[in-house]
Amino acid sequence: MIPDLRSSSKPPLIMGILNLTPDSFSDGGRHLDTAAAVSHALDMLEDGADIIDVGGESTRPGSRPIPAEEQKRRVLTVIKALRDRVPAQVPISIDTTLAEVAEAVLDAGGNWINDVSAGLDDARMLSLSAERGAPIVLMHRRGRSDHMQDDPRYRDVVAEVRDHLAGRVDAALAVGVSETHILLDPGIGFGKTLEHNLALIGGLDRLVDLGFPVLLGTSRKRFLGSICGGLEPTALMPATCATTTLGVMAGARVFRVHDVAGNRQAADVAWSVRGSARGAELSLES
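Remember, it's a predicted structure, so these values are computed and weren't measured experimentally.

## Digging into the overall build of the protein chain
For step 1, the next point in the chain: For the protein chain, the count of helices and strands is 10 helices and eight strands.
For step 2, the next point in the chain: Buried residues in the protein chain amount to 55% of all 286 residues.
For step 3, the next point in the chain: Counted over contacts in the protein chain with a minimum sequence separation of 6, partners at least 24 positions apart contribute 69%.
For step 4, the next point in the chain: Of the accessible surface of the protein chain, which amounts to about 12,000 Å², a share of 51% is contributed by carbon and sulfur atoms.

## Considering unusual backbone geometry
For step 1, the next point in the chain: Residue Ala118 is not a glycine yet carries a positive backbone phi of 55°.
For step 2, the next point in the chain: Here Ala118 shows up in the loop between β4 (112-115) and α4 (124-132).
For step 3, the next point in the chain: Phi at Arg220 takes a positive value of approximately 60°, unusual for a residue other than glycine.
For step 4, the next point in the chain: Among the secondary structure elements, Arg220 is positioned in the loop between β7 (215-216) and α8 (222-227).

## Considerations on the nonpolar core
For step 1, the next point in the chain: Ranked by internal contacts, the top residues of the largest apolar core, which has 67 residues, are Leu18, Ile52, Val54, Leu82 and Leu138.
For step 2, the next point in the chain: Every residue in contact with Val54, bar those within four places of it in the chain, is listed here: Leu18, Leu20, Val75, Ile79, Leu82, Ile92, Ser93, Ile94 and Asp95.
For step 3, the next point in the chain: Of all hydrophobic cores here, the second largest spans nine residues; its members include Leu13, Met15, Trp112 and Leu215.

## Quick notes on the confidence of the model for the protein chain
For step 1, the next point in the chain: Summary statistics for the protein chain give a mean pLDDT of 91 and a share of 88% for residues scoring 70 or more.
For step 2, the next point in the chain: Low pLDDT (under 50) marks residues 24-29, which in the prediction has 21 contacts with non-local residues, meaning those over four places away or in another chain.

## What about α4?
For step 1, the next point in the chain: Among all positions of α4, only Met125, Leu126, Ser127, Leu128 and Ser129 are buried.
For step 2, the next point in the chain: Those residues of α4 that are buried lie in contact with α3 (99-107), β4, β5 (136-139) and α5 (157-174).
For step 3, the next point in the chain: Count one or two residues on from α4 and you reach Gly133, which has phi positive near 65°.

## Some words on a nonpolar patch on the surface
For step 1, the next point in the chain: Taken together, the side chains of Met249, Val269 and Val273 make up a nonpolar region of the molecular surface, amounting to roughly 250 Å² of accessible area.
For step 2, the next point in the chain: Mapped onto the secondary structure, Val273 falls in helix α10 (residues 260-285).

Procedures and definitions
Residues numbered from 1 in each chain as written. Predicted model: local features only at pLDDT ≥ 70, side-chain atom pairs only at ≥ 80, totals over all residues. Heavy atoms only, no water. Helix = DSSP H or I, 4+ residues; strand = E, 2+ residues; numbered from the N terminus. Buried < 20%, exposed > 50% of the residue type's maximum accessible area, 1.4 Å probe, protein only. Contact = heavy atoms within 4.5 Å. Areas by Shrake-Rupley, 256 points an atom, 1.4 Å probe, with all protein chains shown as cover. Core = buried A, V, L, I, M, F, W, Y, C linked by side-chain atoms within 4.5 Å. pLDDT = per-residue confidence, 0-100. Patch = residues over 30% accessible without salt bridge, like charges linked within 9 Å, V, L, I, M, F, W, Y side chains within 5 Å. Salt bridge = Lys/Arg side-chain N within 4 Å of Asp/Glu carboxyl O.

Shown next as structure tokens:
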């Protein structure tokens, strides 16, 4: 049920995004019907997704928090239906900052927790991960979603994100989360400017050096559109694939994306190149 994320010999994983929200930035309202949501998840698995990440609350810049009861109303029926259709070895992740929601999803057949607040919005989230043996993604976010893009500033964004994530790892370990169940996410677009996002992608190897699997989530994000002439989010699959390629080469292990097929190909090619380069290095050393 839990893929081996720490082994550098295993190919990177693709996490397919399933937003069950009316207001997500690129696909809000598309999968509100249970049948449509399940069908889309199955399509993503067919395209090469390894994990399905389900969310009932948009965390786009400017979004407002959604109460736990409403998040559960949005996601639980879909997750139960997915668990009946999806092979047991395929993890289903819940994208939430509330332990009440995460616990209900774990009870319904979910396996992972994806917390953009890294356990800071709800102090019970880390202990829930420990109690249930559920892998948890700890993400860096500067401020809450409704104001995180209000003039974010850093002296050294890579160092500050790295230090923050290291602190959240310590907090998770302190309450009993297994070190094999921790993933780190630099939080691209969460309280960062274009320059911050680019620096973090360029400095991913410094986050990988912390020794925990790194998840990269750039899919269709605004900073890519600003680089690519103001394209709409749905037109940014090639740009997302470029960041997936860079991420694989830097050692990131999981890629959270909307467009699974293209990013699966990009990850597989980059992984093959990375493996070939490593093989050549070992050959020279011997």
